[in-house]
Amino acid sequence: MRLEKRLKEWETLGLIDHETSSRLRAHEESKSRPLMLYAISGLGALSLCLGLISLIAANWYHISDGLKLSVNLFIGLGLCGSLAFKRDQWPKWGVELIIAVICGWTLASIALIGQIYQLGGDGRSAITLWALLVVPLLMQGRSTLSGVILLGALLIPSGLWLIEFKSPHIVTIIPAINLGVLALSFYRPLTDRRPEIMKVFGFVATLNIIGAATVAPVSFYTRGASEEALMYLLQALLFSLPALVWLWRIFSDRPMSLKVALIASVLFSFG
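The rules behind each value
- Residues numbered from 1 in each chain as written.
- Predicted model: local features only at pLDDT ≥ 70, side-chain atom pairs only at ≥ 80, totals over all residues.
- Heavy atoms only, no water.
- Helix = DSSP H or I, 4+ residues; strand = E, 2+ residues; numbered from the N terminus.
- Buried < 20%, exposed > 50% of the residue type's maximum accessible area, 1.4 Å probe, protein only.
- Contact = heavy atoms within 4.5 Å.
- Patch = residues over 30% accessible without salt bridge, like charges linked within 9 Å, V, L, I, M, F, W, Y side chains within 5 Å.
- Areas by Shrake-Rupley, 256 points an atom, 1.4 Å probe, with all protein chains shown as cover.
- Salt bridge = Lys/Arg side-chain N within 4 Å of Asp/Glu carboxyl O.
- Core = buried A, V, L, I, M, F, W, Y, C linked by side-chain atoms within 4.5 Å.

Caption draft 1: View of the overall build of the chain. The helix and strand tally for the chain stands at 13 helices and zero strands. Moving toward the C terminus, one meets the helices and strands of the chain in the order α-α-α-α-α-α-α-α-α-α-α-α-α. Out of the 271 residues belonging to the chain, those deemed buried represent 26%. Sequence-distant contacts, at least 24 apart, represent 65% of the contacts inside the chain between residues at least 6 apart.

Here it is as structure tokens:
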């Protein structure tokens, strides 16, 4: 509505002609995002999934294993077939919704097969398998939703496996991960092809860095600047060096003021 008002005003003032106004209107409409449609579609899909889950859960033990697997396979074929053969006919929000639903179906399928055949194992292995299966699909996404799921698929299994080391020193790798993700969000070959996903990566990394810089110094008030605390700090800085070098190379063509701000913010965060 605001755009339409401005275009009419510019036409009246003679700044643009009617043909230019039409081209600007078409360009902006092609870039517009139907947020309300996204929200309604997401809520509808969530309600449908919850209804199906409730129906299946109520009759779970009365359904044969063969029927469970057959229905699950039928749903997967329908979802993957729609994405593979009808992708060009779907709007962008529809394609992104199907990608998200396929990710959920994949995780549910892993759980279903493990439950039917009593495969055992642990949740960490299941999540890792799920991530390996869905990451290539999520890399094809063009939305914030795909970016959020992709970041979770990368970080959750990594975190679960790092916890297995059961060492308090593992916390020192967190700054390096955040700086690496931040560098990834500025990596031009990725930002040009997947801008929506990279914006999610950059936002989450920046939020984590700000949060860590705010909360981490509190430990010095409770524990003091002991030799152990300084050792943790040195380890975190050493782990972060590769990401810092990568960030510096990415920022090589940026203004010097931005480079100084980057280095200063990192140094003050650690210092």
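Back to the text.
Caption draft 2: A look at the side chain of Ser-146. Note that Ser-146 resides in helix α7 (residues 144-163). A relative accessible area of 2% means that Ser-146 is categorised as buried. Aside from chain neighbours lying at most four places away, what touches Ser-146 is Glu-96, Ile-99, Leu-138 and Gly-141.

Caption draft 3: Structural context of a nonpolar patch on the surface. A cluster of nonpolar side chains, Trp-248, Met-256, Val-260, Ile-263 and Leu-267, forms an exposed patch at the surface whose accessible area comes to about 480 Å². With four residues, helix α13 (residues 256-270) is the largest single contributor of residues to the nonpolar patch. Residue position: Met-256 is located in helix α13. A relative accessible area of 51% places Met-256 in the exposed class.

Caption draft 4: Broad picture of the nonpolar core. Counting residues in each nonpolar core, the largest one holds 35 residues, and the members touching the most others are Leu-83, Trp-130, Leu-138, Ala-153, Phe-201 and Leu-247. Of all the secondary structure elements, the ones that give two or more residues to this core are α4 (65-85), α5 (92-116), α6 (123-138), α7, α8 (174-186), α10 (195-215), α12 (227-250) and α13. Here the element with the most residues in this core is α5; it accounts for seven residues. Here Phe-201 is in contact with Gly-147, Leu-150, Leu-151, Leu-154, Val-181, Leu-184 and Ser-185, once residues within four sequence places are set aside.

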